[in-house]
Every structure is written in C-alpha cells, then in structure tokens.
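So the chains spell out like this:
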Amino acid sequence: MLTILFDGVAYGMLLFVLACGLSVTLGLMNFINLAHGAFAMVGGYATALLMNRAGVPFFATLPAAFLIPAALGVVLERTLYRRLYGASPLDQVLFTIGLVFMAMPIASYFIGSEPEQVHLPEWLSGSFTVYGVGFGVYRLLIVVICGVLAAAIQLFLVETRFGAQLRAAVDDARVAQGLGVDVDRIFAIAFAAGSGLAGLGGALAADVVGGIDPSFPVKFLVTFLIVAAIGGSKGILGALYGALLLGVLDVAGKYYIPSVGAFIIYAVMIVTLIVRPQGLFMRGDGR
C-alpha cells in the first residue's frame, strides 16, 4: 500500500513538472498553449540524444533539457505567440495545436520515429526497502527534484518583484506598462520559464514513459489539461495538488482495478468540471 502511494506521489510530481509550465501560460498569462507538450518533447530529446550520441552523463544533460526549450520558447513567443495574446481562445487553440502537428513530423524527419531511450546510471536504476516499503531510487530522486522546484517556483511567483509584475501585467497590461513594467520582457521570461520547465519534465519523464518519440506531445496533452482542470489553472500550488491527486489515483487504480484503472482520472476530471469547474484547489480569489 505504502509502495503504491510512493509511486503515485512520484508520478504526480513528474506530472506537476510537466504541466506547471502550462499553468504559467494558461493561468498566469491567460494563453491557451496546447503546444506545451512539444517543448517537453524537445527537452526529452535533448537528454536522450546527448546521452546516446555524445556520451554526456544524465545529470549534465538536464540544464540543456531546460535551456534549449526555454530558448525555443523565447523565439516562438517573440515571433508568433505574442501576436495572439489578445486573440480568442479558439484562435489560440487552433494555432497551438497546429504547432503540435508541425512539431511531430519535424521530429520524425530529423530524429526518426523510433523512441529514443534514456539509459540511467546503474545506481539510479535500483531500489531499496525500508520497513517493508519499496522505494525506487530514480522515483525518489524525482520526488526530491520536483518538490524543490515546486517550492522554488511558488516562492518566486509570490515573494519576488517579478511575480508581482507578472500578475500586474496579466491583470492590466496597459496600466502595468504605464507604471514602468516592461510587459514584453516579463511575458518573454515567463513563457521561456514555462517552456524550460516542460523540457525538464520531458527529460525526467523519458525513462518512466519508455522513451521519447514524436507522438509524445499528443500522448500527454490530455494529461496536462486534466492537471490544469482539476488543480485550477490560476496557481502553481493548485497544479501541484492536482498532479499529486491524479498520480496517486492513476497508480492505485491501475494496480487495484487494472480493467478500469486507466479511466479513473477521466472520471475525476468530469466530476470536477461538473461540481467545481474552477478547479478543486482554486481559492476564492482565483489566485
């Protein structure tokens, strides 16, 4: 039981890092970025290719898995995304889903359609038991890394000047700009951070999901959206709680009732949207 709980928490933490960038763009910037999974794919490929073709150690690839999608996010935000900040949600959905269907064949053409595996160091592939509870070393590492990231992101958004400027820019960009806030720079940094976090999540998830392939953005797109729907799209903590809930329910459901376990998270999403459409963990002020 406790082993299943631990695996569920580890999976939930991984979902959080994969989806928290979407919470930044969707919740804090009011932009529906369905191409979020493509940035996660880029980060996963960065780690896999650096390890498999250049012999770079796993941990040394993680900065690249963050920085490469972040740089790509800045380029796309400056050239394409910024033109749709004031567009309708339908326009944003159609544009970003179009980017997904462009990214997939591009990845397939240049890298191939077969999954790129991430071969972890031997010491990360093991497990140990404490009082009868099994812990996978890599999953424990995921819990630690993602927990630190969650705390750091929340503190950064709530306690720093940048976080206050970002919230002000989203609430009323014209007023914020009149008060001296560089709205363009704030949005570019926030979008880069969200893209980089997606890439880091893709790198950490590569081993768990059995490798990175061109279909990765589509396979996990619905999962990202479910995390945002259940946790509430306006805050990082909501995404964290929603991801943990989904992770535990998904792992426990597949273990105890494998015939229908895969559908539990969809049932939770449907009930959430009916009973509390703003999200289970959304506070009354929406932040």
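For every chain, the first residue of the written sequence is number 1, and numbering continues from 1 onward in sequence order. Reporting of local features is limited, given that this is a predicted model, to residues whose pLDDT is at least 70; pairs of side-chain atoms are given and counted only at 80 or more, and all residues count toward the totals for whole chains, interfaces and linings. The side-chain numbers reported here are obtained from all heavy atoms of the structure, hydrogens and water having been left aside.

Chemist: Whenever I open this one, the pattern of salt bridges confuses me. Can you help?
Modeler: Proximity of charged atoms lets side chains of opposite charge pair with each other. For this document, the term salt bridge refers to a Lys or Arg side-chain nitrogen within 4 Å of an Asp or Glu carboxyl oxygen. Scanning the entire structure with this criterion turns up five salt bridges. Measuring nitrogen to oxygen at the nearest pair gives 3.1 Å for the salt bridge that ties D184 to R82. Of the two residues, D184 sits in helix α8 (residues 183-205) while R82 sits in the loop between α3 (58-79) and α4 (89-111), which places them 102 residues apart along the sequence. When accessible area is computed with a 1.4 Å probe and restricted to protein chains, residues below 20% of their type maximum are described as buried, those above 50% as exposed, and intermediate ones as partly exposed. In this structure D184 comes out as partly exposed when scored by relative accessible area, which is 35%. One salt bridge connects D213 with K219, and the closest N-O pair in it is separated by 3.0 Å. Owing to a relative accessible area of 44%, K219 belongs among the partly exposed residues under this scheme. Put simply, DSSP H or I for four residues or longer makes a helix, DSSP E for two residues or longer makes a strand, and each gets a number counted from the N terminus.

Chemist: Looking at this model, I keep getting lost on the packing of aromatic side chains. Mind explaining?
Modeler: The description of an aromatic ring pair rests on the distance of the ring centres and on the angle between the ring planes. Paired rings are identified among Phe, Tyr and Trp, the last through its six-membered ring, by centres lying within 6.5 Å, and are further divided according to the angle between planes into stacked (under 30 degrees), edge-to-face (over 60) and tilted (the rest). For the coordinates displayed, the defined rule picks out 13 aromatic pairs. Seen from their ring centres, F58 and Y138 are 6.0 Å apart, and the 70 degrees between their planes marks the pair as edge-to-face. With F58 in helix α3 and Y138 in helix α5 (residues 137-159), this residue pair connects regions lying 80 residues apart in the sequence. On the accessibility criterion, F58 (2% relative accessible area) is buried. Taking relative accessible area as the criterion, Y138 reaches 4% and is therefore assigned buried. Considering the side-chain rings of Y81 and F95, the 5.7 Å spacing of their centres and the 85 degrees angle between planes classify their relative orientation as edge-to-face. Separated by 14 residues along the polypeptide, Y81 in the loop between α3 and α4 and F95 in helix α4 bring together distant segments of the chain. Taking relative accessible area as the criterion, Y81 reaches 0% and is therefore assigned buried.

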